[in-house]
Amino acid sequence: MEKRKIIIDTDCGSDDAMAIAMALNDERYEILFFSVCAGNVSAEQAVINTLTTLEKAGSYEPPVYLGSVKPLVRELAYAHETHGMDGMGDIGLVPARLKVTPGNGILKTIEALENSERGEIEIIALGPLTNLALAIRTAPDAMAKVRRISVMGSAGLGVGNVSPVAEFNIWQDPEAAKIVFESGLPLLVVGWDACLDDAMLNKREIERLRNSGELGRFAVDCNRCLLEMNQWRFGDPCLDMADPAALAAALCPECIETCADYYCEVDTSDGISCGAVHVDVYGFSGKQPNASVCSKLKSEIYKEYIFKTLGA
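Source: prediction; values computed, not measured. (Residues numbered from 1 in each chain as written. Predicted model: local features only at pLDDT ≥ 70, side-chain atom pairs only at ≥ 80, totals over all residues. Heavy atoms only, no water.)

Caption draft 1: Examining the side chain of D9 more closely. Turning to its location among the elements, D9 is positioned in strand β1 (residues 4–10). Buried and unpaired, D9 has no salt bridge, with K108 as the nearest side chain of opposite charge at 14 Å. Only 3.1 Å separates the side chain of D9 from the side chain of N131, close enough to count as a polar contact. Not counting residues up to four positions away in its chain, the partners in contact with D9 are S35, C37, I124, A125, L126, G127, P128, N131 and L132. (Helix = DSSP H or I, 4+ residues; strand = E, 2+ residues; numbered from the N terminus. Buried < 20%, exposed > 50% of the residue type's maximum accessible area, 1.4 Å probe, protein only. Lys, Arg positive; Asp, Glu negative; His and termini not counted. Salt bridge = Lys/Arg side-chain N within 4 Å of Asp/Glu carboxyl O. Polar contact = N/O pair within 3.5 Å; in protein donor to acceptor, adjacent residues only side chain to side chain. Contact = heavy atoms within 4.5 Å.)

Right under this line is the structure:
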């Protein structure tokens, strides 16, 4: 069976790293390349983290291109408290041999879609939507050929993780997110709520992963800072794996339990709701849906997908 082609856009921090390793080890898909933006860490550090993950994954090694180094309008904020100063738990991870590929990730995305058949390529966005917004504004006709854009973003139908209502990826660059949500392109949006509750990896499951081998140990150890944060935040040593949840929803739809089409609007105001994605569950706006919002995964199937792709 012919492999489906995907582009992964990432601000590679520790949960991105787990998701990327999962995708590299799903034989049904071919990752054409990675396009990197700023978010969890600087774009330059995110490139280093992506290259490190490729070396650790033990699979094939697609090109890694640098994209935008800052949000469209706002000052860049980092997620050091969640992922560490280097985005990978501050345990000294660096690539041993891989280097960034010359070229710009935004232009490479446009070029790939221009040279593809309509619906041939899917994009999975694991970070802020800066690169995709710039691509849409630069070459809307090329971007219209995308099969779907799957986004780890928004609070879904729940609460935020960077404010009472906003999730980090959207909050980091809400103007870019607004462009993507209003583009008319097919969107699958996986909210932060999809990786919470019984979808979180518990202590036993974390140990299963860590003891499974080199890749599983890497996937857990690079999330050291998140694990420590969650001990305080949730009262247990657990991992809410946002990017793996989005990756699983995109590549293994059997994982999805709750997903429905809604009209969604990104708040770009400067108030407390900045970066929120307002999901019009009851149709107050009277507008047609512009996104499919996944707010819950089937935890057993989702976790088995993690274990399978990471060799646990």
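Caption draft 2: Local environment of a nonpolar patch on the surface. A surface patch of nonpolar side chains, about 510 Å² in accessible area, is lined by L157, V281, Y282 and F284. Along the chain, Y282 turns up in the loop between β9 (277–279) and β10 (291–297). In this structure Y282 comes out as exposed when scored by relative accessible area, which is 68%. (Patch = residues over 30% accessible without salt bridge, like charges linked within 9 Å, V, L, I, M, F, W, Y side chains within 5 Å. Areas by Shrake-Rupley, 256 points an atom, 1.4 Å probe, with all protein chains shown as cover.)

Caption draft 3: Just the pairing of β10, in detail. In terms of residue burial, β10 counts as a mostly covered element, since five of its seven residues are buried. As judged from the three bridges shared by strand β6 (residues 187–190) and β10, these two strands associate in the parallel manner. Across the sheet, residue V190 finds its bridge partner in β10, namely C294. Pairing of strand β7 (residues 256–262) with β10 involves six bridges; the strand directions are antiparallel. Bridging across to β10, C259 finds its partner in C294. (Pairing = 2+ DSSP bridges.)

Caption draft 4: Quick peek at the state of the cysteines. Scanning all chains against the criterion turns up zero disulfides. This cysteine, C294, is not joined by any disulfide, and C259 carries the nearest cysteine sulfur, 5.2 Å off. For C294, a relative accessible area of 0% corresponds to the buried category. (Disulfide = S-S within 2.5 Å.)

Caption draft 5: Focus on the nonpolar core. M18, L251, L297, Y302 and L310 are the most contacted members of the largest nonpolar core, which totals 66 residues. With near-sequence residues (within four places) excluded, Y302 lies in contact with A199, M241, P244, A245, A248, C255 and L297. Judged by nonpolar contacts, the second largest core, of 37 residues, contains I170, L187, Y262 and C264. (Core = buried A, V, L, I, M, F, W, Y, C linked by side-chain atoms within 4.5 Å.)

Caption draft 6: Quick look at unusual backbone geometry. Of note in the backbone geometry, D90 takes a positive phi value of approximately 55 degrees without being a glycine. For D90, the location among the structural elements is in the loop between α3 (80–83) and α4 (105–114). Taking the relative accessible area as the measure of exposure, D90 reaches 39% and is therefore partly exposed. Notably, D197 is not glycine yet its phi reads approximately 55 degrees, a positive angle.

Caption draft 7: Inspection of helix α2 (residues 43–57) at higher detail. Between the first and last C-alpha of α2 there are 21 Å, a value that for 15 residues agrees with the 21 Å anticipated at 1.5 Å per step. Of all the residues in α2, the buried ones are A43, A46, V47, N49, T50, L51, T52, T53, L54 and A57. Against the buried residues of α2 lie β1, α1 (14–24), β2 (29–36), β3 (64–66) and α10 (214–221). A positive backbone phi angle near 70 degrees is found at G58, which sits one or two residues after α2. (Expected span 1.5 Å × (residues − 1).)

Caption draft 8: Quick peek at the environment of E254. Inspection of the secondary structure puts E254 in the loop between α12 (242–251) and β7. Residue E254 is classed as partly exposed on the basis of its relative accessible area, which comes to 42%. Along the chain, E254 and I206 lie 48 residues apart, while their C-alpha atoms are 22 Å from each other. Once residues lying within four places of it in the same chain are set aside, the contact partners of E254 are R28, K298 and I301.

Caption draft 9: Spotlight on the environment of L239. Within the secondary structure, L239 is located in the loop between α11 (224–233) and α12. Taking relative accessible area as the criterion, L239 reaches 1% and is therefore assigned buried. The contacts of L239, once residues within four sequence positions are left out, are M200, L201, I206, N223, L226, L227 and N230.

Caption draft 10: Quick look at the pattern of salt bridges. Scanning the model with the defined rule gives 15 salt bridges in all. One salt bridge connects D26 with R28, and the closest N-O pair in it is separated by 2.8 Å. By relative accessible area, which is 5% here, D26 ends up buried. Take R28: its relative accessible area is 34%, and that puts it in the partly exposed class. A salt bridge links K296 to D198; the nearest nitrogen and oxygen atoms lie 3.6 Å apart. Pair noted here: K296 is in strand β10 and D198 is in the loop between β6 and α9 (203–210), with a separation of 98 residues, a long-range link.

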